Amino acid sequence: MADWIAGSDDPRVADYAHIGDPAWLRDHGLFVAEGRLVVERLILARRFRVRSLLLTAAAREKLAATLAAVECPVHVATREVMQSLTGFDFHRGCLALAERGDSADMQPALAAARRLLCLEGVANPDNVGGLFRIAEAFRADAVLLDPSSGDPLYRKAIRTSMGAALRLPFRRLAPWPGALASLQNEGFLVVALTPRESARPLNDYVRALHGRERLIVIAGAEGSGLSADALQRANVQVRIPIAVGVDSLNVVAAAAVALAALWPVLSDSPS
């Protein structure tokens, strides 16, 4: 059952006036998902409690099968009312407000994890979302973030991740990078991606692996790269050989190359 919203002053959708304010959303324990694909994946993942939906009639019709299992309020409005309320012309007239919950509590996921992608200083939401998408594509068990990396539940990061940030567990590590020590004590090897010439070539390192290692691959911000502290903390520094005269790869591209090379050696069946 859906209720019709005739105007942007309807109190039932008052929270949607704040969806362009990330600080307000975080302070209220909320995040926003936009677009039919992402909203559908939010609902089906069942990881976060959906507080309400705001849809155009067309979006409601397209999502009819998924909405049959939804218990939250479903609000329907014209695109003009939605734009007046939010201040944005959102893609495909489809929005959801969901509760963040305690996404930092992922000890069960870490206990069984073998593949972790870790971000340091990656603030750009497109890169954060892209890295979550890469992590899911190459079957990472979870994503770790240092305190300065961007919010995976920022709407642009969610959209760029194609919903991967809604499915893949993540956790912030603090203090950074000291918190990596406890994971190393649990048997993880920390692999730092860096363009430094002194680093070990990626393919050379892959050939040395046995296939049963628990790996944490750390990727840093474009330009500055990984900090000296993070590089020092790593068990190994690895570089991707590229053509002479090219500075480096985009962080998402670099992570994709590295994970594609590293993850196959971590097969799910005994070698």
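Refer to the structure above for everything that follows.
A brief look at the structure comes next. (Residues numbered from 1 in each chain as written. Predicted model: local features only at pLDDT ≥ 70, side-chain atom pairs only at ≥ 80, totals over all residues. Heavy atoms only, no water.)

**Quick look at the sheet that holds strand 3 (residues 50-55)**
No. 1: Spatial strand order, 1-4-3-5-2: five strands in an open sheet with mixed pairing. Strands with a single pairing partner mark the edges of an open sheet, and in this sheet they are strand 1 (2-4) and strand 2 (30-34). Recorded for the sheet is a direction-independent mean angle of 20 degrees between the axes of neighbouring strands.
No. 2: Here three bridges tie strand 3 to strand 4 (residues 74-76), and the two strands are oriented parallel to one another. Counted as the bridge partner of Leu-55 is Val-76 from strand 4. (Pairing = 2+ DSSP bridges. Helix = DSSP H or I, 4+ residues; strand = E, 2+ residues; numbered from the N terminus. Axes fitted to C-alpha atoms, helices over the stretch in contact; angles between N-to-C directions.)

**Remarks on the layout of surface pockets**
No. 1: Volume-wise, the largest pocket comes out at about 470 Å³.
No. 2: Contributing elements (two or more residues each) for the lining of the largest pocket: strand 11 (214-220), strand 12 (236-239) and helix 13 (251-262).
No. 3: By residue number, the principal contributor to the lining of the largest pocket is helix 13, which donates three residues.
No. 4: Per-class residue counts for the lining of the largest pocket are 16 nonpolar, seven polar and four charged.
No. 5: Roughly 270 Å³ of internal volume is contained in the second largest pocket.
No. 6: If you go around the second largest pocket, the residues you meet are Leu-42, Ile-43, Arg-46, Phe-48, Arg-49, Val-50, Ala-69, Val-70, Glu-71 and Cys-72.
No. 7: Each residue belonging to the lining of the second largest pocket can be placed in one class, and the counts come to seven nonpolar, no polar and three charged. (1 Å grid on protein atoms, 1.4 Å probe; cavity = no way out; pocket = protein on both sides within 12 Å on 5 of 7 lines; lining within 4 Å. Points joined across faces, edges and corners; volume = space filled by probe spheres on them. Nonpolar A, V, L, I, M, F, W, Y, C, P; charged D, E, K, R; others polar.)

Coordinates in, geometry out; function isn't part of it.
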